Amino acid sequence: MKAVHVAEQGSPAQAMRLTVQPVPQVTPGHVRLKVEAAGINFADVLAVSGEYLTRTKYPYTPGMEFAGVIEELGQGVQGFQVGQRVACLAGTGGLAQYAVVPAQTLVPVPQSFSAAQAASFPVSYLTAYHGLKTLGQGKGGEWVLVQAAAGALGTASIQMAKAMGMKVIAMASTEEKLSIARDLGADVTLLQDDEERVQKVRDAAGGKGVPLILEVVGGKRFQESLDMAANRGRVIVIGNASREQANLRPVELMKRNITVTGLWLTSLLGDAEANAQAMREVPPLLASGQVVPQVGPTYALADSAQAFQDIMDRKTTGKVIIEP
Ligand code: NDP
């Protein structure tokens, strides 16, 4: 089978190679998937260059999130059937034609979903849910600020927030990206380099600042998020796309009773209560069509390095898909 191989850290062009490898054999507690589509996250891009939150173990095949059809069930696997299309959060291995994954990493998907939609949903929509609700405690009628609003997480966050009855201020780097945010229901849109952005965001939220902010850019933008937050505002730190250091002065949080909370989906997937609640509430929104996974550009497996580079260069919107 064809699979992308990363021997050591580097830029996508240096590090990612298309190789031919044996088809993996199924083992107890695992299933073999015929991979149909891999959804690429910013985290996949950071992992190749060794900049992710956890240390990347080389060599490996990237692809933390993917969808495919179950080909074979290993001993002891229950609740899934051969021929069923599922999504999978295995952490690695999606950029290949076949993958053997632990059954507990499988995520059921509505059978109406295309493979690309199935591969677009778990990371972005579960992260959006936990940011808005589990940790953000967002309420209907409340304003939320969504950064990088046309990206995979951004588009998911806008849709999830609207489905929860919230009002959305969306920020992104280009007018084209803002128009995507508006099409998804964002109430107010603003270029992220607008010179008066802090005041404009505070004004949009009734002049008092924003009660809930999903912070994904980091660096100097983190300080701006604090400036945009309302008294008793909640800033949920989900990403650091700028890869710049941010400074946090705790005294500043005291002055306006601001809460800063970190969010890492991997940890929340291991939190039985939070995970069970997300799996109760998110799939019905998808099945009813209230939220629709935003499939972005699609690349062939041989063009994986280009896909990764395009995400880094901020050229993509929605979830980037790689088809084996
Ligand atoms: P996206 O599809 O949103 O792509 C990243 C976007 O980040 C870009 O399109 C760009 O949007 C924005 N960005 C801002 N500054 C930079 C920069 N200096 N370089 C590159 N991009 C920049 O990716 P994802 O949806 O996968 O992830 C979005 C963010 O959320 C990332 O920071 C990611 O790490 C984080 N994340 C965290 C999770 C967690 O569990 N904590 C789970 C999922 C995502 P624009 O051009 O509009 O600024």
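Residues numbered from 1 in each chain as written. Predicted model: local features only at pLDDT ≥ 70, side-chain atom pairs only at ≥ 80, totals over all residues. Heavy atoms only, no water.

Draft legend 1. View of the pairing of strand S11 (residues 210-215). Counting buried residues in S11 gives 6 out of 6 residues, a clear majority hidden from the surface. With 3 bridges joining them, strand S8 (residues 143-146) and S11 adopt parallel strand pairing. Within S11, the residue paired with Leu 145 across the bridge is Ile 213. Sheet topology places S11 next to strand S12 (residues 229-237); 5 bridges connect them, and they run parallel. In the sheet register, Leu 212 faces S12, and the bridge partner there is Arg 234. (Buried < 20%, exposed > 50% of the residue type's maximum accessible area, 1.4 Å probe, protein only. Helix = DSSP H or I, 4+ residues; strand = E, 2+ residues; numbered from the N terminus. Pairing = 2+ DSSP bridges.)

Draft legend 2. Local environment of the side chain of Thr 105. Among the structural elements, Thr 105 can be located in the loop between strand S6 (98-102) and strand S7 (106-108). The exposure class of Thr 105 is buried, given its relative accessible area of 16%. A polar side-chain atom of Thr 105 sits 2.7 Å from the main-chain carbonyl oxygen of Pro 102. Thr 105 has contacts with Ala 87, Cys 88, Leu 89 and Ala 90, leaving out every residue within four places of it along the chain. (Polar contact = N/O pair within 3.5 Å; in protein donor to acceptor, adjacent residues only side chain to side chain. Contact = heavy atoms within 4.5 Å.)

Draft legend 3. Geometry of the site of the ligand. If you check the shell around the ligand, you find 24 residues, and the closest are Leu 153, Ser 173, Lys 177, Leu 263 and Leu 265. Between the ligand and Phe 42, the relevant distance is 2.8 Å, taken from an oxygen atom to a main-chain nitrogen or oxygen of the residue. Here an oxygen atom of the ligand sits 2.9 Å away from a polar atom, N or O, in the main chain of Ala 152. A per-class count over the shell around the ligand returns 14 nonpolar, 8 polar and 2 charged. Counting contributing residues, the shell around the ligand receives three or more from each of domain 1 (2-121 + 294-323) and domain 2 (124-267). (Near = heavy atom within 4 Å. Nonpolar A, V, L, I, M, F, W, Y, C, P; charged D, E, K, R; others polar. Domains from an automatic or database assignment.)

Draft legend 4. Examining the nonpolar core more closely. Judged by nonpolar contacts, the single largest core of 48 residues is most densely connected at Phe 121, Leu 132, Val 144, Ile 158, Met 160, Val 168 and Val 282. Elements with a minimum of two residues in this core: helix H3 (115-120), helix H4 (122-134), S8, helix H5 (152-163), strand S9 (167-172), S11, helix H10 (265-269) and helix H11 (272-287). Per-element tally for this core: the top contributor is H4, with 6 residues. Residue assignment places this core across two domains, with domain 1 (2-121 + 294-323) and domain 2 (124-267) each supplying three or more. Residues within four places of Val 144 in sequence aside, it is in contact with Leu 132, Ala 161, Met 166, Lys 167, Val 168, Ile 169, Val 210, Leu 212 and Leu 214. Ala 15, Val 48, Tyr 60 and Val 101 belong to the second largest nonpolar core, which has 31 residues in total. (Core = buried A, V, L, I, M, F, W, Y, C linked by side-chain atoms within 4.5 Å.)

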